[in-house]
Structure formats: structure tokens, C-alpha cells
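One-letter residues, chain by chain:
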Amino acid sequence: MVTNKDIKELPRYQVLLSLNKIVKNPIPLITETMEKHGSTYITYLGGVAKTYMTIDPQLIQHVLQKNHKNYFKPKIQTEAISKFVGHGLLTINGDYWLKQRRMIQPSFHREKIQGLVKIMNNVASDYVKEIKAKLESGQKEFEMHYEMSLLTLKMVSRSLFSDSISVKDLDRLNDIISVIQFTIAKEIRQSMFAWWRKLTGETKRAEALRAEAVSIIENLIENRRKSGKRYDDMLDMLLHSKYEDTDEGMTNLQIVDEVMIIFVAGFETTANALSWQFYTLFENQNAQQKLRVEIKSLDKEELEFMDIPKLPYAKQVMAETMRLYPPAWLTSRIALEDDEIDGLKIDKGDLVGLFIYGCHHNKDSWDRVEEFDPERFSKERKKDMVPYSYFPFSGGPRLCIGVQFAETEMQIVLHHLYKHFNFELVKDHPVELQPLVTLRPKHGIKMLVSHA
Ligand code: HEM
């Protein structure tokens, strides 16, 4: 571990001068700075907050796991989400977070995911039919980031509400969540223009959309409470979960906030991972062939929970895709008290920037860093991985609650897509990183689709 005197501190004026580059795409800048000054350096996030930007696995493990109690999510990361989505798992800290996490965790247990596989399979099957209909009508080119966003929104919303929500309300909710997602990205990345968004009424419009979404979800909750009918979905689980100490359930507003958080945390991350895999598998036809063989040998149309472990290569493909293109590319924590890790002092109020993208491309942890090789995640080779050199779902107690949900969903989607279709990248289509809150393909991923 480096000590404070070995760490380069970028002067604030230099950070301010680079603001333009930071807004456009900070990944190359952070990478270059690390190449020059080592795996940890000091910068000023947003021009103000002193931040240890790092790809050091030991420091990351310390912050996320070993001394996690001393590190909260900072406002810079959570405020915009709380404003438009609410106060739920992703945005809260401390005792309230622990209470909510304990309450909600069982809704994501293995046996609960088992119940959701049927829903996920149906959504994926319907999607295959939609694509086939579009191919019939002559469409050949598809923008897969847009496609995957619609698909994963449907996956999350159907998993939350099954078919207890009207198509009209579901469509409206999906539209609202998409707009809110966009507003959050702007709030975080272009905080200096908040006054402009207020002036033009953009902020008010987003607030009104949140109010509309809240009212749709509240109605659903009220109806379910009145009818007493049980459903096989996540809203049912949230409605019937109880706090350990009081044996009481959540209020309607708490459930609304958690539902909105699950939406926002769950759909874009998965959509990005699924979009990038079209590119990685197009670039590596051998891996694609191997995936097709796995799907063919399973020889099933409708997937059940017990089929999921029979698609290990699909899981490896997604793991390696998220190594190269981690949907959550950066996260951060703020120190509540002074701390020391092996000679490195971090003062109360300092931030630590965990550069997930950089860790996944770190030459000290990976050989042939830029090469797409799903074999890295085979059972045998996974054992040699340095802890916290790979953490697309974060780690420690605040590990993504949706890991199993996302992994299962992505295996199901790959199964259906590669069973039925061929995908070819549109010639000369530029593929570029756009790191907003999540890591998107800047110009989307345009593919030519045909029957397999
Ligand atoms: C490929 C897909 C996904 C990726 C890469 C991903 C990544 C992450 C990461 C990195 C965090 C931690 C953020 C931080 O510590 O700053 C997180 C938290 C979270 N994720 Fe995911 N996620 C994915 C899918 C999902 C899905 C499908 C759901 C729900 C259905 C979900 C729900 C959540 C929630 C509620 C949290 C907050 C957990 C807590 O703090 O207790 N995520 N996710």
C-alpha cells in the first residue's frame, strides 16, 4: 500500500481546467493519470471534494468490506437519485439502510428468483416473437441498446407487478422511469447547470413525473391491500415483508420508494451489459460459437430454474463482458472518521473513488487486458483472481442486491436471442464509451439481425 507522501495530488486548478474532458468522458483522463502517478492519486470530484481515486484492490476491499462502517455513500452520488426516485436501498446509509436491507434481502433469495424465472422466460419469449414479426415486415437493422433497455424495463416491471398492472399504466411507468433516469444523469454530470434546468421548468417537469409514478404505484398497493389477493411477484414480497424487531411491514410510501429504486437500479445496468455483449461476441466469433453450442445442447425453448446452471458459458460471457464494460464504472464513499490503512491516512470527510473500470483493465491483475476471453471466469481460473480486482456488482455488505436476478435474467436473454437469431455489427458503426451514471455505448450498438 502506498503512503500519503507517495501519492500525487492534482492541483485544483488542473482539475477545473480538465472539466470539459471530465464531462465528455473521464475514463481516458483517469487512466492516463494512473499510468503517470500510480494506482491511487488525489483529485477533486466536482472540483471540490478531495478524493482518493484508486484501483488498488487492497484499499478497495478495506473501504467496501473490512472497514465499511466508516464509509457511507456520499451525497454527490445519492442526492440526485433521492430527489427524483426516493429514499430506498441505493440512496440511504447507516441504520436505516441496514433495516431496509434486512427487510428486502429475502425478496432476492434464490428461491424467490426461482419464482421469477417463468416471468423472465415469458418476457424473453415474447420479445423473440416481436423481433421475428419485425423481420417479417422487412426490418433488418436494430439499435440494440434501445432494444435492451425496453426489454430489461419489461423484465423488471413484470417481475415487480406480474400482470396486475394495466398495459397503459405499465407503459406510462416505463416512460417516466426512462425520463427520470436521463434527468438524474444530467443532475450528476452537469450539476453546474441545475439553475438552467430550474429556469426552463425541466426540474419541475421531472418532479411532476415522479409524483405521477408514485400515484400509479400507490394505487397498485392500495388495490392489493384491499383485495388481499396474493401474487407471485416482487411487490407481493415487499408488501408482506416484516421488520424483525417490530413485526410490522413497510408503509406505502416506503414500498413506493423501494419499488422505484429497484426499477432505476435494475434496468439500465442490465441493459448496458446486454448491449455490450453484442459487440464482444461479434468481435470474438469463437466465443459466440461456443455459446451457440451450449444453447443447442440444452435443446429447450422454455427455460425453468433448473436449466439456468446448464448455461455456465452464457454466465461467463456476461462476466467477461462486464469486465471490459462494467455498467457501474465508478462508485465512491465518504470517510465518516479519520482512518489509516497500512500507512495511508484518509481524513474524515475525504472521498474514495473506486474506479471499477480501471480495476477491470488493470495490467497488474489481468493478462491480455483488452482481450475478450470468457475462459477467465471458468470455475478453475476464477479461483486465482485477486479479491476486488473484479467487482461489477460492488462488494461487502452493500453488494448489489440484484446480482442473482441480473445474472439469471442475462442468461435467459442470451439463450433466447442466440437460439433464434444471428447478429452482425453494422459496417463502420462507431462503438464508443459514454460513461454517464452507467457505462453506455455512445452511439448505441447497431446490429443486422437475421434468423439463425
Ligand atoms: C448487470 C446488472 C447490474 C449491475 C452491474 C449492478 C451493479 C450494482 C452496483 C455496482 C451496486 C452498488 C453501488 C454502490 O455501492 O455504489 C448496486 C447496488 C444495487 N443494485 Fe444493482 N446492478 C445490476 C442489476 C441490478 C438489478 C437487476 C437490481 C434489481 C432488480 C439491482 C438492484 C440494486 C439495488 C437495490 C442496489 C442497492 C443495494 C444496497 O445498497 O443495499 N441491481 N448494483
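Below or above, wherever it landed, is the structure these notes cover. Keep in mind that this is a model prediction, so the values were computed, not measured.

**Comments concerning the packing of helix 14 (residues 285-298) against helix 18 (residues 403-420)**
Then comes step 1: Running from N to C, helix 14 and helix 18 point in directions that differ by 95°, and their axes come no closer than 10 Å. As far as their axial angle goes, helix 18 and helix 14 are roughly perpendicular. In contact with Q288, L291, R292, I295 and L298 of helix 14, helix 18 contributes L414, H415, Y418 and K419.

**Some points on a negative patch on the surface**
Then comes step 1: Negative charge collects at one region of the surface, where E244, D245, D247 and E248 lie side by side.
Then comes step 2: Position of D247 relative to the elements: it lies in the loop between helix 12 (234-240) and helix 13 (252-283).
Then comes step 3: By relative accessible area, which is 53% here, D247 ends up exposed.

**Observations regarding the side chain of T43**
Then comes step 1: Tracing the backbone shows T43 in strand 1 (residues 40-45).
Then comes step 2: Aside from chain neighbours lying at most four places away, what touches T43 is L10, V15, A49, K50, T51 and M53.

**Considerations on the pairing of strand 8 (residues 351-354)**
Then comes step 1: Of the two faces of strand 8, the one lined by L351 and G353 and the one lined by V352 and L354 are each fully buried.
Then comes step 2: Relative to strand 8, strand 2 (residues 49-54) runs parallel, the two sharing four bridges. Directly across from T51, in strand 8, lies its bridge partner L351.
Then comes step 3: Note that strand 5 (residues 331-335) and strand 8 share four bridges and pair antiparallel.

Calculation notes
- Residues numbered from 1 in each chain as written.
- Predicted model: local features only at pLDDT ≥ 70, side-chain atom pairs only at ≥ 80, totals over all residues.
- Heavy atoms only, no water.
- Axes fitted to C-alpha atoms, helices over the stretch in contact; angles between N-to-C directions.
- Helix = DSSP H or I, 4+ residues; strand = E, 2+ residues; numbered from the N terminus.
- Parallel < 35°, antiparallel > 145°, perpendicular 65-115°, else oblique.
- Contact = heavy atoms within 4.5 Å.
- Patch = residues over 30% accessible without salt bridge, like charges linked within 9 Å, V, L, I, M, F, W, Y side chains within 5 Å.
- Areas by Shrake-Rupley, 256 points an atom, 1.4 Å probe, with all protein chains shown as cover.
- Salt bridge = Lys/Arg side-chain N within 4 Å of Asp/Glu carboxyl O.
- Lys, Arg positive; Asp, Glu negative; His and termini not counted.
- Charge placed at Lys NZ, Arg CZ, Asp CG, Glu CD.
- Buried < 20%, exposed > 50% of the residue type's maximum accessible area, 1.4 Å probe, protein only.
- Pairing = 2+ DSSP bridges.

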